[in-house]
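Report on the structure
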Amino acid sequence: MRRFHGLYRTLDATTRTSRKEAALVEYFEATPPADAAWAAHLLLGRRGRRAVNTRLLREWAAEKSGLPLWLVEESYDAVGDLAETIALLVPDQGSVREPEGLAEFIDRRVLGLAGLEAAAQRELVLETWADLDAGERFLFHKLISGGFRVGVAGGLVARALAKVAGVDRATMMHRLAGRWDPTAAAWEDLMSEDEGGDPLRPYPFFLAHAVPAEPAELGDAVDFQAEWKWDGIRAQAVRRGSETVLWSRGGDLVNGGFPEIVKDLGGLAPGTVIDGELLAWAGDRPMGFHELQRRINRKSVGKKLREEVPVRLMAYDLLEEGGADLRALPTTERRRRLEALVRAAGLPRLGIAEVVEGDSWEELARARSTSRQRGVEGLMLKRRDAPYGAGRPRGDWWKWKVDPFTLDVVLVYAQRGHGRRASLYTDYTLAVWDNGELVPVAKAYSGLTDREIRRVDAFVRRHITDRFGPVRVVEPELVFEIAFEGIQPSARHKAGLSLRFPRIARWREDKSPADADSLDAVRALMGDPS
Amino acid sequence: MSRDLVTTTEDGLWCEAGGFHIDPWRPVDRAVVTHAHADHTRPGSGRYLTAAPGVELVRLRTHAGAVVDGLEYGERLTIGGVQVSFHPAGHILGSAQVRIERAGEVWVVGGDYKTGADPTCAAFEAVPCDVFISESTFGLPVFQWPDPEKVAAEVRAWWEGNAANGRTSLLCAYALGKSQRLLAGLLDPPGPIAVHGALDRLLGPYRDQGIELPPTEYASVEVAKEVRGRGLVIAPPSANGTPWMRKFGDVSTAFASGWMTLRGPRRRRGFDQGFTVSDHADWRGLLGAIEATGASRVLVTHGYVDPLVRYLSEERGLRAERLDSRFEGEGDGTEESAVSGEADGPVAEPVTGPAREAPEGRS
């Protein structure tokens, strides 16, 4: 536990990939298999389960620190992270006891905690607090609340593990995909020289980079196969033996939310793996992501939801056929086989992402400009002679999304942020003009540089005109350009509409509030789907 | 009780009976200032009064030719209808609480203060009063400062570790107060120390008053060569990530601030290391100071105002109120812009724009 915490601190503190990788390799090389398996499991962001009710945790923290419960809540509000808040509030008890190794620690104090009665839980938590320092307590809270995350990319963990095992990175990524339990045996499999593991494991997903500002930089347009880019959930359908599973990009099994698709795909021959996108689908077009969301994270789906939100899998690529790994074949050949397979299968819930014709960047750009009418996000570009890669290597797959909508808006309210930004005013409510009044149209959090965030924070602190709970009303002086993906009518918002994925594109210091857009202008954008 | 001795106006804290402002944020006739940080000492006022050990620093922070008078700690001066005296606030060199007395009623404006040990300034002194105006920058129980000696040892260990790996140590801290305090913790330095121009010129007033600091050199190109790979460089936080850093070769960066106790700011700042060092009181420091004044009424300003007000009212039975101000405490960024402000030269964060100009521009 102490060593894992040391690794966590190093990963958390540095932004330099080389130092992170070195720390990972050093840790894994010197860690017993059971602990290493748990460490890999946690670093890869595999979901843990909440072992204790966080309300109880807060009450115990108030009790132990001698503070009123409301002050624990206030502190949480300011820090933005419960695990950290409680770690800081609970007094250090000068423990000298070395906590057990990671696997044993998790077995006894995390997994073991879940099965206990509240009184026994309290006893174990208090005992654990006494044994740990503040940093370790933070980690402990993250583990028992199922919210452990660390700033390290899965690809980097895979690279470090590949180094430790002496295999290449793609092999390690494949081994890590799919289900494996954090046990010493699983660790031995990961490190072994021969193949083993989950027979239903997916392949690592191939991810695209955003197209550069000038697509011609990619070379000749005819070297790419263009497809519509759908806005759903990227998934891999694995059909092997008598089983069919749907894997999300995050490595979760999502069968529960899409039973019709799973059933349909049972019609495919065993030894077939398709890369595609799960979509909510009505007639001949997608229904919008907010409908699809109703299907996510479900163990089962009732009749009503099945009827209200029909779904389908839009196939992008064929990774395995007849049990053979096709990833090394060029895009054109995989596409030929995919088309034949989808056609022959004739399954109602299995579509295929249409290829968009265009021999020049101009033609493709014209096609791309029709994206919004079609309900797609833009174009995917796949180099025709490229294999299906692992992870996000640069060069062969590109996404060419439609340009977002933009508006100039005025900052009217600010709130303190959470997590990384807990001490600053970083959550902004933004407004446009309507008959001489400023009407909020969006809340936005991201898009400014850290330096700009600090300057806006300083502005907010000096220009507060009113307070409503945590919300600060500020003088309407700052103008931002926001970008967003769409507009939906909304009865819940005063403006009568809501924006999809609003974020700040830039700070318009050259503009005054009077230059901001009007609600009429926003309505006009809504009416114009192009 | 008659009217409040101190109130807030658009210009800042105002003592009508004495006819002066305290730490005004706009130019006024007569400014009584608690210390020389730029959010407390602003240029343009007719005349300034501050504690004697801070006169030199206040002068550096005001306009050329400003009239700055000093008053020794504890010495009383009658201004208008009130008696005014300064008492150590333990925040930075020359920092003071302002005691104001009228007809037996005593108010104390705490300004920024800390109760922990600091060899670079006089220790905080609890001044008995009826009404105490307290800051609350770190007014939540999550803020509990570690032992300064332990932190000084951490800084030294970090520096030595970097030197062993051939890296220069770049320690960022606010130019006035924090930097000098960190230096004072390194009297027996394991290597050469270079300082950024912004704080080089602020070291003189400290050494002039006999405060012991280790030898330092201005971080010129030649000195940079000398410290590269083994020395310590102290600079304002705004220097991090600028081309100025390049002359030191491979660096490990660190930031010293009370905010470094929180993971969010630690990560957001993008430093390799954070040290928890603050010139403000932590939660226990605030409670201890407030209790020691014996004040029955406490006005809370600058920071986590609401939680502290509620705690003092409900848990300590005091008459605690929010002292409203347009200026709401210090985020982990404002502290920087306020302090580095005009003093940093070319690498300073550009703190112009709406954030600073608007308060002056509007009336």
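For every chain, the first residue of its written sequence is number 1, and the numbers climb from 1 along that sequence. To label them, take the chains in the order written and letter them from A, then take the ligands in the order written and number them from 1. Thresholds applied to this predicted model are a pLDDT of at least 70 for local features of residues and 80 or more for the giving and counting of side-chain atom pairs; totals over whole chains, interfaces and linings are not thresholded and use all residues.

Now for the overall build of chain B. A tally of helices and strands in chain B yields 10 helices and 19 strands. Any residue surrounded by 20 or more other C-beta atoms within 10 Å of its C-beta is treated as buried, while 12 or fewer makes it exposed and the intermediate range makes it partly exposed; C-beta atoms here are placed from the backbone. Relative to its 363 residues, chain B shows a buried fraction of 55%. At a minimum sequence separation of 6, the contacts of chain B that also span at least 24 residues come to 59%. Strands are runs of DSSP state E lasting at least two residues, helices are runs of H or I lasting at least four, and both sets are numbered from the N terminus onward. Whether two residues are in contact depends on their C-beta atoms, placed from the backbone: they are in contact if these lie within 7 Å.

Counting its secondary structure elements, chain A contains 20 helices and 21 strands. The C-alpha atoms of chain A give a radius of gyration of 26 Å, which matches the 24 Å a tight globule of 530 residues would have. The principal-axis extent of the C-alpha atoms belonging to chain A is close to 70 × 70 × 50 Å. Considering chain A as a whole, with its 530 residues, one finds that 40% of them fall into the buried category. Atoms counted for the radius of gyration: C-alpha only. Globule rule: 2.2 Å times residue count to the power 0.38.

All names here are of chain B. With domains assigned, chain B is organised as domain 1 (7–143 + 279–330) and domain 2 (148–275). The domain boundaries here were taken from an automatic or database domain assignment. Placing the centre of domain 1 and that of domain 2 at their C-alpha centroids yields a distance of 29 Å. Across the boundary between the two partners, domain 1 contributes 17 residues, which contact 13 residues of domain 2. Residues were grouped as follows: Ala, Val, Leu, Ile, Met, Phe, Trp, Tyr, Cys and Pro as nonpolar; Asp, Glu, Lys and Arg as charged; and all remaining residues, including Gly, as polar. Residues of the side of domain 1 that touches domain 2, tallied by class, amount to 9 nonpolar, 5 polar and 3 charged.

Glancing now at the sheet that holds strand β1 (residues 209–210) of chain A. Residue and element names in this part refer to chain A. Paired strands are those between which DSSP finds at least two bridges. The strand order β1-β12-β11-β2-β10 describes an open sheet built from 5 strands, whose pairing is mixed. Each edge of the open sheet carries a strand with a single partner, namely β1 and β10 (355–356). For strand β2 (residues 224–229) and β10, the ladder comprises 2 bridges, and the chain directions are antiparallel. Paired with A226 across the bridge in β10 is V356. The strands touched by helix α17 (residues 361–368) are β2, β10, β11 (378–383) and β12 (397–401); relative to β11, the strand with the most contacts, the crossing angle is about 145 degrees. For helices, the fitted axis covers only the stretch in contact; all axes are lines through C-alpha atoms, and the angles between them, taken along N-to-C directions, range from 0 to 180 degrees.

Turning our attention to the sheet that holds strand β16 (residues 251–256) of chain B. All names here are of chain B. With parallel pairing, 6 strands are arranged side by side in an open sheet as β14-β13-β15-β12-β16-β17. In this open sheet, the two strands that pair with only one neighbour each are β14 (217–218) and β17 (273–275). The pairing of β16 with β17 spans 3 bridges and is parallel. Residue pairing for β17: A254 is matched across the bridge by Q273.

It is worth spelling out helix α11 (residues 169–176) of chain A at this point. Residues and elements named next belong to chain A. Along α11, the residues that are buried comprise M172, M173, H174, R175 and L176. Where α11 is buried, its residues contact α10 (154–165) and α12 (184–191). Phi turns positive, to about 85 degrees, at G178, one or two residues after α11.

Let us look at the packing of helix α5 (residues 69–79) of chain A against helix α6 (residues 82–89) of chain A. All names here are of chain A. At a minimum axis distance of 9 Å, the contact between α5 and α6 shows a crossing angle of 125 degrees. Classed by the angle they form, the pair α5 and α6 counts as oblique. The handedness of the crossing between α5 and α6 comes out as right-handed. Facing α5, whose interface residues are V72, S75, Y76 and V79, α6 presents L82, E84, T85 and L89. Any angle that is under 35 degrees is reported as roughly parallel, and any over 145 degrees as roughly antiparallel; angles of 65 to 115 degrees are reported as roughly perpendicular and all others as oblique. Two helices cross in a left-handed way if the nearer one is turned anticlockwise from the farther one by less than a right angle. They cross in a right-handed way if the turn is clockwise.

This part covers the environment of A:K20. Residues and elements named next belong to chain A. In this fold, K20 is placed in helix α2 (residues 17–29). For the pair K20 and L7, spaced 13 residues apart in the sequence, the C-alpha separation amounts to 8.9 Å. If near-sequence neighbours (up to four positions away) are discounted, K20 is found in contact with L11, T14, V152 and L156.

It is worth spelling out the pairing of β12(A) at this point. Residue and element names in this part refer to chain A. Two strands pair when backbone bridges link them, and β1 and β12 are joined in this way by 2 bridges, in the parallel orientation. Counterpart to H209 in the pairing with β12 is W398. The sheet contact formed by β11 and β12 spans 5 bridges and is antiparallel. Residue K382 lies in a different strand from β12, and its bridge partner there is W397.

What follows concerns the domain arrangement of chain A. By the assigned domains, chain A splits into domain 1 (2–144), domain 2 (209–401) and domain 3 (405–527). The straight-line distance from the C-alpha centre of domain 1 of chain A to that of domain 3 of chain A is 37 Å.

All names here are of chain A. In the contact formed by helix α4 (residues 54–65) and α6, the axes pass within 9 Å of each other and the chain directions differ by 20 degrees. Judged by the inter-axis angle, α4 sits roughly parallel to α6. Our pair here, α4 against α6, has a crossing hand that is left-handed. Contacts from T54, L57, A61 and S65 in α4 reach L82, I86 and L89 in α6. The residue makeup of the contact of α4 with α6, split by class, is 5 nonpolar, 2 polar and no charged.

Residue and element names in this part refer to chain B. Following the sequence through the fold, A96 ends up in strand β9 (residues 96–102). When the C-alpha positions of A96 and V6 are compared, they lie 17 Å apart, and in sequence the two are 90 residues distant. Not counting chain neighbours up to four residues away, the residues in contact with A96 comprise T34, H35, T50, A51, Y73, F86, H87, P88, A89 and G111.

On to the environment of A:I106, then. Residue and element names in this part refer to chain A. Summarising the element assignment, I106 is placed in helix α7 (residues 102–114). For I106, a count of 26 C-beta atoms within 10 Å gives the class buried. Filtering out sequence-adjacent residues up to four positions away, I106 remains in contact with W38, L111 and L143.

What follows concerns the pairing of strand β18 (residues 479–484) of chain A. All names here are of chain A. In this structure, strand β13 (residues 405–416) lies alongside β18, joined through 6 bridges in antiparallel fashion. Along β18, the bridge assignment pairs F405 with F484. Summarising the sheet, β18 and strand β21 (residues 503–507) pair through 4 bridges and their orientation is antiparallel. Across the sheet, E481 pairs through a bridge with R506, a residue of β21.

Another aspect to go through is unusual backbone geometry. Note: most residues except glycine have negative phi, and most peptide bonds are trans. Residues and elements named next belong to chain A. With phi around 50 degrees, N435 is a residue other than glycine that occupies positive phi space. Position of N435 among the secondary structure elements: in the loop between β14 (425–434) and β15 (437–444). Despite not being glycine, F501 shows a phi value in the positive range, around 50 degrees. Inspection of the secondary structure puts F501 in the loop between β20 (497–500) and β21. On the basis of neighbour counts, which here come to 14 C-beta atoms within 10 Å, the residue F501 falls in the partly exposed class.

Residues and elements named next belong to chain A. An expected span of 1.5 Å times one less than the residue number is assigned to each helix. Look at α7: 17 Å from first C-alpha to last across 13 residues, which is about the 18 Å you get at 1.5 Å a residue. Considered for burial, the residues of α7 that qualify are L102, A103, F105, I106, R109 and V110. Among the structural elements, α1 (2–13), α3 (33–43), α8 (118–131) and α9 (134–144) are those in contact with the buried residues of α7.

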